[in-house]
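An overview of the molecular structure
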Amino acid sequence: MDDRSSALLTLLIERYIADGQPVGSRTLSRLFDLSPATIRNVMADLEDLGLIHSPHTSAGRIPTPQGYRMFVDRLLAVPQFEVPHIEPLQLRLPMEEPARAVSSAAALLSNLSQFAGVVMVPRRAQTFKHIEFIRLSGKRVLLIMVSPDGDVQNRILFMSREYREEELTEASNFFNQHFSGKSFSVVRESLADELSSLQVDISKLMQAAVAASTAESDIEEDVVIFGESKLLDVSEMTDDLSRLRRLFQLFEKKTELLHLLDASSHAHGVQIYIGGDSTLLPLDDVSMVTAPYGVDGEVVGTLGVIGPSRMAYDKVIPIVDITAKLLSNALSCNQNN
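Everything quoted here is computed from the prediction, not taken from an experiment. (Residues numbered from 1 in each chain as written. Predicted model: local features only at pLDDT ≥ 70, side-chain atom pairs only at ≥ 80, totals over all residues. Heavy atoms only, no water.)

Structural notes on the sheet that holds strand S7 (residues 223-226)
Read from one edge to the other, the open sheet built from five strands follows the order S7-S3-S10-S9-S8, with strand pairing classed as antiparallel. A strand with exactly one partner marks an edge of an open sheet, and here the two such strands are S7 and strand S8 (271-274). Strand after strand, the sheet turns through a mean of 20° between neighbouring axes, direction not considered. As paired elements, S8 and strand S9 (residues 286-295) share four bridges and run antiparallel to each other. (Pairing = 2+ DSSP bridges. Helix = DSSP H or I, 4+ residues; strand = E, 2+ residues; numbered from the N terminus. Axes fitted to C-alpha atoms, helices over the stretch in contact; angles between N-to-C directions.)

Details of helix H6 (residues 98-113)
Helix length check: H6, at 16 residues, gives a terminal C-alpha distance of 23 Å against a target of 22 Å (1.5 Å per residue), a fit within 8%. Three or more residues of H6 are buried, namely Pro98, Ala101, Val102, Ser104, Ala105, Ala106, Ala107, Leu108, Leu109, Ser110 and Ser113. Backbone geometry just downstream of H6 places Gln114 in the positive-phi region, at approximately 65°. (Expected span 1.5 Å × (residues − 1). Buried < 20%, exposed > 50% of the residue type's maximum accessible area, 1.4 Å probe, protein only.)

A few points about the pattern of salt bridges
A complete count under the given rule lists 11 salt bridges for this structure. A salt bridge links Glu47 to Arg61, with the nearest nitrogen and oxygen atoms 2.9 Å apart. Here Glu47, found in helix H3 (residues 36-48), pairs with Arg61, found in the loop between strand S1 (52-53) and strand S2 (62-63); they are 14 residues apart in sequence, far enough to count as distant. Given a relative accessible area of 30%, Glu47 falls into the partly exposed group. The salt bridge partner of Asp240 is Arg243, with a shortest N-O separation of 3.4 Å. Judged by relative accessible area, which is 25%, Asp240 ranks as partly exposed. In this structure Arg243 comes out as buried when scored by relative accessible area, which is 8%. Shared partners join several salt bridges into a network, and the residues in it are Arg161, Arg164, Glu166 and Glu167. (Salt bridge = Lys/Arg side-chain N within 4 Å of Asp/Glu carboxyl O.)

Some words on unusual backbone geometry
Its identity is not glycine, yet Gln114 carries a phi of approximately 65°, on the positive side. Tracing the backbone through its elements, the reader meets Gln114 in the loop between H6 and strand S3 (116-120). With relative accessibility at 44%, the residue Gln114 sits in the partly exposed group. Although it is not a glycine, Asp285 adopts a positive phi angle of roughly 65°. With respect to the secondary-structure elements, Asp285 resides in the loop between S8 and S9. For Asp285, a relative accessible area of 39% corresponds to the partly exposed category.

Structure representation (C-alpha cells):
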C-alpha cells in the first residue's frame, strides 16, 4: 500500500472514530487534497485489500478489523501521545494497600477512558513472609499466609484427624524457619527431603498447606472489572444485543478474559486486541488495549481497557500505559516499605 492510500485510510479511520458515521468520498475530498473520483478509486483499492467496507447500503465506508489493525500498528510504532498529568493520577492509587491499588487502577482506567477497566490481580503466593496454623473445631485447621507485600490469605484445611496446638506451632515454626521468602513451588520441591525428619502427621499438615496455597484460585477473585455499565452508552454495543450479551458473559464468567490478560502479560508493552482480527478476542467490534505491570521489574499481572473497536486509540493507549506504570510503582513501593 502506497503512502497516499495509507494516509487516506488513516484519515478515514480517524473520521469514523470521531463521528461514528460511515465516511464517504465527498467528505474525504474536503479533508484531503484529492478529487472525489480519485478518492473513490483509492477507497475501492482499500476495500479490495479488506481494510474498509460498506455497511448495509451506505455509500460511505468504515474500517474492518484488518483496517483497525494496520491503523493501531502504525500508532504503536510512533507513540507520540499526550500523557495525562501523572501527579494527580498517582494519588488515586493507594500505595499502602495493594488490593485497593488494584481496584483503584481498574476504576482509573474506566473513568479516564469511559469504557470498562480490567485488572488481572497480581499472581498470588509467589512467595510468603509468614505462615501460621490455627486450630479450629473438629479436624479443621485455619491456614494464614502473609505475603511480603502484606497481603493476607486464609485457607481452611480439612485434615484426617484433630491437631494439638503444639503440633500446629511446630509446623508453623518449621515453615517460617526453612521457607520464609521462598515460593510455594520451591517449598513443594523441597518437602520430600525436609519432611523425612518430621512426624508423619506434621508432614501431612504441611503437604495440605502447600496444596491449598498452590491450588488455582477462584477466577472471580483473579480479575477486577470496573465500569461495565459505561458500555451501555456506546451505540455500537447497544445496536447489537447479542454481541452485548456475549460481552457481558465474558465479564461474568471471567475465564476467557483471564486467559486473554494472562497471554498479554507475556508480551512487552502495550498490546491491542481487535475483535474479528484476534483469535483471543472473538467478539466483533470490540477491542481491548492492555499493558503488563510488575513489582520491582517482575511482571505480576496485566491491566487494560475494553471498549468498542471504534475507540480513540491515541487517547486510550497512553491511559493504559501510564496506569500500568503507576500500579507498578505503587506495588513496588509497598513491597519495599
